[in-house]
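Residue-level structure breakdown
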Amino acid sequence: MPAIVLIGAQWGDEGKGKATDLLGSRLDYVVKFNGGNNAGHTVVIGNEKYALHLLPSGILTPGVTPVIANGVVVDIEVLFEELDALIARGLDVSRLKVSANAHVITSYHRTLDKVTERFLGKRQIGTTGRGIGPAYADKINRVGIRMQDLFDENILRQKVEGALDQKNHLLVKVYNRRAIAVDEIVNELLSYAERLRPMVADTALLLHEAIERGDTVLFEGGQATMLDVDHGTYPFVTSSNATSGGAVTGSGIAPNSIDRVIAVIKAYTTRVGAGPFPTELFDQWGEFLSDKGHEFGTTTGRRRRTGWYDAPIARYTARINGVTDFVLTKLDVLTGIESIPVCVAYDVDGVRHDEVPVSQSDFHHAMPIYEEFPGWSEDISGARTFDDLPKNAQDYVLALEAMSGSRISAIGVGPERDAIIVRHDLID
């Protein structure tokens, strides 16, 4: 059975939870391998809606073992809040495993995130302020706190002292904030230790053994390709690798374990926060997509910026990630548009670019070159096969497939759990 990587193909919010739910009971493990609680996904099961931020979406599927792997930064307070909310709704969360090597987001990370963003003024990146960037910075600077450190008070105290030594100078002398006491952080983290202990494990070994056994393991990326710290629209990116390669370093599995890479992509484009966005709309169609698509961030509540489908970004995603299958979501949102533009290339200072420009300046100045496709007015929310779609909707999907670099294997036609058309099996 396969190891599958599931990633976002645009700037996030593509509907990865729905794709995970589509695989459902065929999965044995669902692994979150990057990010923290700075992104979210909404999963609808029957009349119940679940908004998840830190937990893998597999936490909702009976029999699946959800794993928070080493590439994730964990706000333990948020972890317990999410677990308790699910327990209160009658869900079993006892299978959750958390990597002993996952780094911890502390209160000083959240403080630094917020004050640093304000300090940037007009150069703000649009961070969620949840401490993700500072936690990853500490990881790279080798002054981070890992889950395993919470079980050794002496080690924990030494690491907190080392981390705060420099940060308190920064907080007091640059940002005019109070210094943070070592005891305050140590006591807070130690208070989580006993509840965490049964969850914390060598998840790299756990996943290796699962794959060797023939279990089906899904590696679920947070954020999306265009927010990847190396391959996204830097510096308007997240602080981790949200691409398929991040599943390897972020979980400890071998690269040749991966059988399939599924990329989730909307039938149009959205992003939250600052940064370049060539197809962004500022007219009535931008409002139309935002309102009809309910485009508000699961984590931030911020209204998402909206734009038409961007084929160069899809091709870039297919190439960077080795995409084997696209899952196209929210096709139903386009119903009622007489003529649908699709960005097929960019114009940068009079020069046509069929691929995403490598230069940040060029991408900032990229103007979309559109091709128009006939729309449809029929309600497609009840379609369950490709042939159920109106011909213009079929033609739109086939055109996107031809220009996007990989096959479109599933199509979302509504928010309900079963509102999806499967063209190709995503596991076999």
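The model shown is predicted, which means the values in this text are computed figures rather than measured ones. (Residues numbered from 1 in each chain as written. Predicted model: local features only at pLDDT ≥ 70, side-chain atom pairs only at ≥ 80, totals over all residues. Heavy atoms only, no water.)

Within the chain, the regular secondary structure consists of 13 helices and 20 strands. A compact globule built from 428 residues should have a C-alpha radius of gyration of about 22 Å, and the chain, at 22 Å, falls within 12% of that. Taking the principal axes of its C-alpha atoms as reference, the chain extends roughly 65 × 50 × 40 Å. Within the chain, the proportion of its 428 residues that are buried is 57%. Across the chain, contacts joining residues at least 24 apart in sequence account for 74% of those joining residues at least 6 apart. In the structure as shown, the chain presents an accessible area of about 17700 Å², 50% of it carried by carbon and sulfur atoms. (Helix = DSSP H or I, 4+ residues; strand = E, 2+ residues; numbered from the N terminus. Rg over C-alpha atoms; globule rule 2.2 N^0.38 Å. Buried < 20%, exposed > 50% of the residue type's maximum accessible area, 1.4 Å probe, protein only. Contact = heavy atoms within 4.5 Å. Areas by Shrake-Rupley, 256 points an atom, 1.4 Å probe, with all protein chains shown as cover.)

Burial analysis of helix H11 (residues 311-321) places 9 of its 11 residues in the buried class, which makes it a mostly covered element. Of all the positions in H11, only Ala-311, Pro-312, Ile-313, Ala-314, Arg-315, Tyr-316, Thr-317, Ala-318 and Asn-321 are classed as buried. Where H11 begins, the side chain of Asp-310 points an oxygen toward the backbone nitrogen of Ile-313, at a separation of 3.1 Å. Positive phi appears at Gly-322, one or two residues downstream of H11, with a value of about 65 degrees. (Polar contact = N/O pair within 3.5 Å; in protein donor to acceptor, adjacent residues only side chain to side chain.)

So, on to the side chain of Ser-251. Inspection of the secondary structure puts Ser-251 in the loop between helix H9 (244-249) and strand S11 (258-266). Ser-251 sits in the buried class, given a relative accessible area of 0%. Within the structure, Ser-251 has its side chain in polar contact with the backbone oxygen of Ala-247 (distance 2.4 Å). With residues near it in sequence (within four places) discarded, Ser-251 still touches Val-31, Ala-69, Asn-70, Ala-204, Leu-207, Phe-219 and Gly-246.

The next subject is the nonpolar core. Residues Phe-219, Leu-328, Leu-331, Leu-334, Leu-389, Tyr-396 and Ile-411 are the most contacted members of the largest nonpolar core, which totals 56 residues. Broken down by element, the residue count for this core peaks at 6 residues, all from helix H13 (residues 391-404). Apart from the residues within four sequence positions on either side, Leu-389 is in contact with Leu-331, Ile-380, Ala-383, Gln-394, Ile-411, Val-413 and Ile-421. (Core = buried A, V, L, I, M, F, W, Y, C linked by side-chain atoms within 4.5 Å.)

Now for the sheet that holds strand S7 (residues 97-99). Strands sit in the order S9-S7-S5-S2-S10-S1-S11-S15-S19-S20 across an open sheet of 10 strands; the sheet is mixed. A strand with exactly one partner marks an edge of an open sheet, and here the two such strands are strand S9 (200-201) and strand S20 (420-422). As judged from the 2 bridges shared by S7 and S9, these two strands associate in the parallel manner. Of the residues in S9, the one forming a bridge with Ser-99 is Ala-201. (Pairing = 2+ DSSP bridges.)

All right, on to the pattern of salt bridges then. Counting across every chain of the model gives 26 salt bridges. In this structure, Asp-149 and Lys-159 form a salt bridge, with 3.1 Å as the shortest nitrogen-oxygen distance. A residue pair is termed long-range when its members are at least 10 positions apart, and Asp-149 in the loop between helix H4 (132-141) and helix H5 (153-173) and Lys-159 in helix H5 qualify at 10 residues. On the basis of relative accessibility, which here comes to 5%, the residue Asp-149 falls in the buried class. Across the pair Arg-384 and Asp-418 runs a salt bridge, and its minimum N-O distance is 3.6 Å. Placement of Arg-384 in the loop between strand S18 (367-374) and H13 and of Asp-418 in the loop between strand S19 (407-412) and S20 is noted, with a sequence separation of 34 residues between them. Given the relative accessible area of 32%, Arg-384 is considered partly exposed. (Salt bridge = Lys/Arg side-chain N within 4 Å of Asp/Glu carboxyl O.)

Across the 10 residues that make up strand S16 (residues 339-348), a large majority, 8, are buried. Relative to S16, strand S14 (residues 309-310) runs parallel, the two being bridged by 2 bridges. Residue pairing for S16: Tyr-309 is matched across the bridge by Val-342. Alignment of S16 against S18, held across 8 bridges, turns out to be antiparallel. Following the sheet pairing, Cys-343 is matched in S18 by Tyr-370. Sheet analysis places S16 next to strand S17 (residues 351-353), joined by 3 bridges and oriented antiparallel. The partner of Tyr-346 across the bridge, within S17, is His-353.

On to helix H8 (residues 203-213). Residues of H8 that are buried: Thr-203, Leu-207, Ala-210 and Ile-211. The buried residues of H8 all sit within an arc of 95 degrees when viewed along its axis, so they share a single face. H8 presents Glu-212 and Arg-213 as exposed residues on the side facing more than 90 degrees away from its buried surface. Those residues of H8 that are buried lie in contact with strand S1 (3-8), strand S2 (29-32), strand S5 (65-68), S7, S9 and strand S10 (217-220). Phi for Gly-214, located one or two positions after H8, is positive at around 95 degrees. (Arc of directions from axis to C-beta.)

Axis separation between H5 and helix H6 (residues 182-190) bottoms out at 10 Å; the angle between their running directions is 135 degrees. Considering their axes alone, H5 and H6 lie oblique with respect to each other. By crossing handedness, the relation of H5 to H6 is classed as right-handed. Together, Glu-153, Leu-156, Arg-157, Val-160, Glu-161 and Leu-164 of H5 and Val-182, Asp-183, Ile-185, Val-186, Leu-189 and Leu-190 of H6 make up the contact between the two elements. Here the contact of H5 with H6 is built from residues that sort into 8 nonpolar, no polar and 4 charged. (Axes fitted to C-alpha atoms, helices over the stretch in contact; angles between N-to-C directions. Parallel < 35°, antiparallel > 145°, perpendicular 65-115°, else oblique. Left-handed = near helix turned anticlockwise from the far one by under 90°. Nonpolar A, V, L, I, M, F, W, Y, C, P; charged D, E, K, R; others polar.)

To continue, consider the packing of aromatic side chains. Under the defined criterion, the tally for this structure stands at 7 aromatic pairs. Grouped by ring-pair contacts, the aromatic residues Trp-285, Phe-288 and Trp-308 constitute a single cluster. (Phe/Tyr/Trp six-rings, centres within 6.5 Å; stacked < 30°, edge-to-face > 60°.)

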